[in-house]
Amino acid sequence: MEALILVLHVLAAVAIIALVLLQQGKGADAGASFGGGGASQTVFGSQGGSSFFGKMTALFALVFFLTSFGLAFYASQQAKSVSGALDYVPSAPQVEETVGLPELGGRSKKATSDIPVTE
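Residues numbered from 1 in each chain as written. Predicted model: local features only at pLDDT ≥ 70, side-chain atom pairs only at ≥ 80, totals over all residues. Heavy atoms only, no water.

Draft legend 1. A look at the packing of aromatic side chains. Enumeration over the complete set of coordinates arrives at two aromatic pairs. Ring geometry for Phe 52 versus Phe 53: centroids 5.9 Å apart, planes at 55°, classification tilted. On the basis of relative accessible area, Phe 53 is assigned to the partly exposed category, the value being 33%. Plain terms: the ring middles of Phe 65 and Phe 69 are 4.8 Å apart, the flat faces sit at 90° to each other, and that makes the pair edge-to-face. Note that Phe 65 and Phe 69 are positioned in helix 3 (residues 52-81) at a spacing of four residues, about one turn of the helix. Taking relative accessible area as the criterion, Phe 65 reaches 47% and is therefore assigned partly exposed. (Phe/Tyr/Trp six-rings, centres within 6.5 Å; stacked < 30°, edge-to-face > 60°. Buried < 20%, exposed > 50% of the residue type's maximum accessible area, 1.4 Å probe, protein only. Helix = DSSP H or I, 4+ residues; strand = E, 2+ residues; numbered from the N terminus.)

Draft legend 2. Highlighting a nonpolar patch on the surface. Taken together, Leu 62, Phe 65, Leu 66 and Phe 69 make up a surface patch of nonpolar side chains, about 430 Å² in accessible area. Of note, Leu 66 is situated in helix 3. (Patch = residues over 30% accessible without salt bridge, like charges linked within 9 Å, V, L, I, M, F, W, Y side chains within 5 Å. Areas by Shrake-Rupley, 256 points an atom, 1.4 Å probe, with all protein chains shown as cover. Salt bridge = Lys/Arg side-chain N within 4 Å of Asp/Glu carboxyl O.)

Draft legend 3. The side chain of His 9, seen in detail. As for its placement among the helices and strands, His 9 is situated in helix 1 (residues 2-22). For His 9, a relative accessible area of 15% translates into the label buried. Within the local environment of His 9, its side chain forms a polar contact with the side chain of Thr 67, the two groups lying 2.8 Å apart. In contact with His 9, other than residues within four places in its own chain, are Phe 64, Thr 67, Ser 68 and Leu 71. (Polar contact = N/O pair within 3.5 Å; in protein donor to acceptor, adjacent residues only side chain to side chain. Contact = heavy atoms within 4.5 Å.)

Draft legend 4. Geometry of the packing of helix 1 against helix 3. Two elements in contact, helix 1 and helix 3, have axes whose closest approach is 8 Å; the angle formed by their N-to-C orientations is 150°. Looking at the two axes, helix 1 sits roughly antiparallel to helix 3. As for the relative orientation of helix 1 and helix 3, their crossing is left-handed in sense. Here helix 1 contributes Glu 2, Ile 5, Leu 6, Leu 8, His 9, Ala 12, Ala 13, Ala 15, Ile 16, Leu 19, Val 20 and Leu 22 to the contact with helix 3, which in turn contributes Phe 53, Met 56, Thr 57, Phe 60, Ala 61, Val 63, Phe 64, Thr 67, Ser 68, Leu 71 and Tyr 74. Tallied by class, the residues present in the contact of helix 1 with helix 3 amount to 18 nonpolar, four polar and one charged. (Axes fitted to C-alpha atoms, helices over the stretch in contact; angles between N-to-C directions. Parallel < 35°, antiparallel > 145°, perpendicular 65-115°, else oblique. Left-handed = near helix turned anticlockwise from the far one by under 90°. Nonpolar A, V, L, I, M, F, W, Y, C, P; charged D, E, K, R; others polar.)

Draft legend 5. Main features of the environment of Phe 52. For Phe 52, the location among the structural elements is in helix 3. As for Phe 52 and Leu 19, which are separated by 33 residues in sequence, their C-alpha atoms are 10.0 Å apart.

As structure tokens, then:
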């Protein structure tokens, strides 16, 4: 299920990128609409406020949004099922070795700590 959502997510992202690159900018016809060629043109062009590419971009943006939520939900469910993952990590055994520590009599003392001792 996660793989299907991920594939849809990537395809929606690629489609959004392609549709945005294919669209003509809003300001491309603004100069012509103010200064000349045809009284029917407005600031937004002769097509009106939205075009086919604009509607398709909105649709793929909605698909991208929904797949993002789907992937986040799926990841949160997976994280809840792996909550005790650190319980299975083995602990390092305590190393007990004789280290000569400088003391009053120069006797050796058994070190039971992981912290290194400087002499």
